[in-house]
Structures are given as C-alpha cells and as structure tokens.
Amino acid sequence: MTTTYAALLRGINVGGSRKVPMADLRTLLENLGHEGVRTYLQSGQAVFTSGHGDERSLAAEIAHAIERHFGFGVDVIVRDHAYLKAIADACPFPAAELEAKQLHVTYFSEPVDPDRFAEIDQPAYLPEEFRLGDRALYLYAPNGLGRSKLAEHLSKPRINKGVIATSRNWNTVVKLVEMTGA
C-alpha cells in the first residue's frame, strides 16, 4: 500500500545559502524509490508517494540523502495527507477571512508540551495570537510574519529545544493538503 506524503525541509534556499534546487530534490526523492514526486515553490516542499517506511523513517532517509548529496544537513519533517488535512481543518482562526500572509502553521517533529510556551505573555503581543494543535502551532500575525514580534519570540531556540520546527504560510498549508490529496 502506498501513502502520499509531504516532506517539509527547514531553512533551505534562504539568503543564498543551503541551496537545494527543486529539480535536484525531485531526482533525489525518485532515486530513493519514491513515486509521483512533485515540488512546490523553492522553499522546501516536496510531495511523493511511498510504499515503505513511516513519517519518522522517511524524514531521516531524506535528511541523510540530502546531506550526502548536497554536503550539508537539513532538518526534514514528513507528514501524510490525513495529518495535513486535519491540521488545516482544525485551524482555530478564521482562515477564509484572512490573508494568507497573516496565518501560519509551524509544524513540529514531535508533540510539544504547552508548558514550553507558558512564559509567553500572550496579551502583550495582541493582536497577534497563537494556538497549539497536534504537533503544530497556528500563528495569527495580522502584519505578516516578517513584522511579527510574537513569531520572533516563538522561534527562540529555548522554545523549540529538542524539536524540529518549520513554518508555512496558509497558502502553502492549503496547497500541501491539495497536492497530497490528489
């Protein structure tokens, strides 16, 4: 039985470093035996089907292949269609009423304990807000991610210690649901 997955690569093709051309990423995934490989944008999303492994083992396999091929490490999170759809469906913010640049999902490699965010004085950041989901964090940043003080605080190493965290805007969240569902 095959499953359709999305691989989310963290921190590639940003600022001219850690370049991973999408054509090379597609070839790399095909060489690992995955099928139906497609990429989305240049910021590190690939969709593929696989009949072997699970999310964790596939992420490790892809990360290892990227390091071997490109010569640098990249954090990878792999999620299947059911998970991606459930995350989109569970959005606690009115996604249909917001601009995509205002809503983001940070995907985590592992479940995160809400206590890790307890120190954050959420009212101090209003109108920005965040909510936790299943291995995910939803962020509403009305002025965009680049201007978000809350996003800056949420990305601190002590907050994300021990987990891989990678964020996507709402357009990408929706597109990955669509691509993995096809």
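Provided above is the structure to which this section pertains.
Note that this is a predicted model, so its numbers are computed, not measured.

**Q** Tell me about the overall build of the protein, and please be specific about residues and values.
**A** Tallying secondary structure elements over the protein gives 5 helices and 8 strands in all. The C-alpha atoms of the protein give 16 Å as radius of gyration, which agrees with the globular expectation for 182 residues (16 Å, within 12%). Once the C-alpha set of the protein is aligned to its principal axes, its extents read approximately 50 × 30 × 30 Å. Here the protein holds 182 residues, and the buried ones make up 47% of them. Long-range pairs, those at least 24 residues apart, make up 68% of the contacts in the protein with a sequence separation of at least 6. As displayed, the protein offers around 9200 Å² of accessible surface, 49% of which is attributable to carbon and sulfur atoms. Averaged over its 20 positive side-chain charges, the protein has a centre that lies 5 Å from the centre of its 22 negative ones.

**Q** Outline the nonpolar core, listing residues and values.
**A** Val-105, Tyr-107 and Trp-170 are the most contacted members of the largest nonpolar core, which has 25 residues in total. Of all elements in the fold, only β1 (3-9), α3 (81-89), β5 (103-108), β7 (136-140) and α5 (170-181) reach the threshold of two or more residues within this core. Of all the elements, α5 adds the most residues to this core, at 5 residues. Discounting residues that sit within four places of it in the chain, Trp-170 has contacts with Ala-88, Cys-91, Ala-95, Ala-100, Leu-103 and Val-105.

**Q** Please provide a residue-by-residue account of the packing of α3 against α5, values included.
**A** Put simply, α3 and α5 touch, their axes get as near as 9 Å, and they point 145° apart. The hand of the α3/α5 crossing is left-handed. Contacts between α3 and α5 involve His-81, Leu-84, Lys-85 and Ala-88 from the former and Trp-170, Val-173, Leu-176, Val-177, Thr-180 and Gly-181 from the latter. Of the residues in the contact of α3 with α5, the class split is 6 nonpolar, 3 polar and 1 charged.

**Q** Explain the side chain of Arg-168 to me, and be specific about the residues and the numbers.
**A** Among the secondary structure elements, Arg-168 is positioned in strand β8 (residues 165-169). Here Arg-168 is buried and forms no salt bridge, its nearest opposite-charge partner Asp-75 lying at an N-O distance of 11 Å. Reaching out from Arg-168, the side chain makes a polar contact with the backbone oxygen of Leu-9 at a distance of 2.9 Å. A distance of 2.3 Å separates the side chain of Arg-168 from the side chain of Gln-45, its partner in a polar contact. Discounting residues that sit within four places of it in the chain, Arg-168 has contacts with Leu-8, Leu-9, Ser-43, Gly-44, Gln-45, Leu-103, His-104, Val-105, Tyr-107 and Val-173.

**Q** How would you summarise the sheet that holds strand β2 (residues 35-40) if you had to cite specific residues and measurements?
**A** The 4 strands are arranged β2-β3-β1-β4 in an open sheet whose pairing can be described as antiparallel. Unpaired on one side and paired on the other, β2 and β4 (76-80) mark the two borders of the sheet. Recorded for the sheet is a direction-independent mean angle of 20° between the axes of neighbouring strands. Bridge count for β2 against strand β3 (residues 45-50) is 4 bridges, and the pairing is antiparallel. Among the inter-strand pairings, Arg-38 is bridged to a residue of β3, identified as Val-47.

**Q** For the pattern of salt bridges, give the residues involved together with the corresponding values.
**A** Pairs may arise between side chains of opposite charge once their charged atoms sit close together. Under the definition given, this model contains 9 salt bridges. As a salt-bridge pair, Arg-158 and Glu-119 come within 2.9 Å of each other at their nearest N and O atoms. Note that Arg-158 is positioned in the loop between α4 (149-154) and β8 and Glu-119 in the loop between β5 and β6 (129-133), a separation of 39 residues in sequence. The exposure class assigned to Glu-119 is partly exposed, which follows from its relative accessible area of 46%.

**Q** Lay out the packing of aromatic side chains in plain terms, naming residues and giving numbers.
**A** For the structure on display, the rule yields 6 aromatic pairs. An aromatic cluster is built from Phe-108, Phe-117 and Phe-130, whose rings are joined through pairwise contacts. The ring of Tyr-83 carries Arg-79 above its face, with NZ or CZ at 5.3 Å from the centroid.

Conventions used here
Residues numbered from 1 in each chain as written. Predicted model: local features only at pLDDT ≥ 70, side-chain atom pairs only at ≥ 80, totals over all residues. Heavy atoms only, no water. Helix = DSSP H or I, 4+ residues; strand = E, 2+ residues; numbered from the N terminus. Rg over C-alpha atoms; globule rule 2.2 N^0.38 Å. Buried < 20%, exposed > 50% of the residue type's maximum accessible area, 1.4 Å probe, protein only. Contact = heavy atoms within 4.5 Å. Areas by Shrake-Rupley, 256 points an atom, 1.4 Å probe, with all protein chains shown as cover. Lys, Arg positive; Asp, Glu negative; His and termini not counted. Charge placed at Lys NZ, Arg CZ, Asp CG, Glu CD. Core = buried A, V, L, I, M, F, W, Y, C linked by side-chain atoms within 4.5 Å. Axes fitted to C-alpha atoms, helices over the stretch in contact; angles between N-to-C directions. Left-handed = near helix turned anticlockwise from the far one by under 90°. Nonpolar A, V, L, I, M, F, W, Y, C, P; charged D, E, K, R; others polar. Salt bridge = Lys/Arg side-chain N within 4 Å of Asp/Glu carboxyl O. Polar contact = N/O pair within 3.5 Å; in protein donor to acceptor, adjacent residues only side chain to side chain. Pairing = 2+ DSSP bridges. Phe/Tyr/Trp six-rings, centres within 6.5 Å; stacked < 30°, edge-to-face > 60°. Lys NZ or Arg CZ within 6 Å of the ring centre and 35° of its normal.

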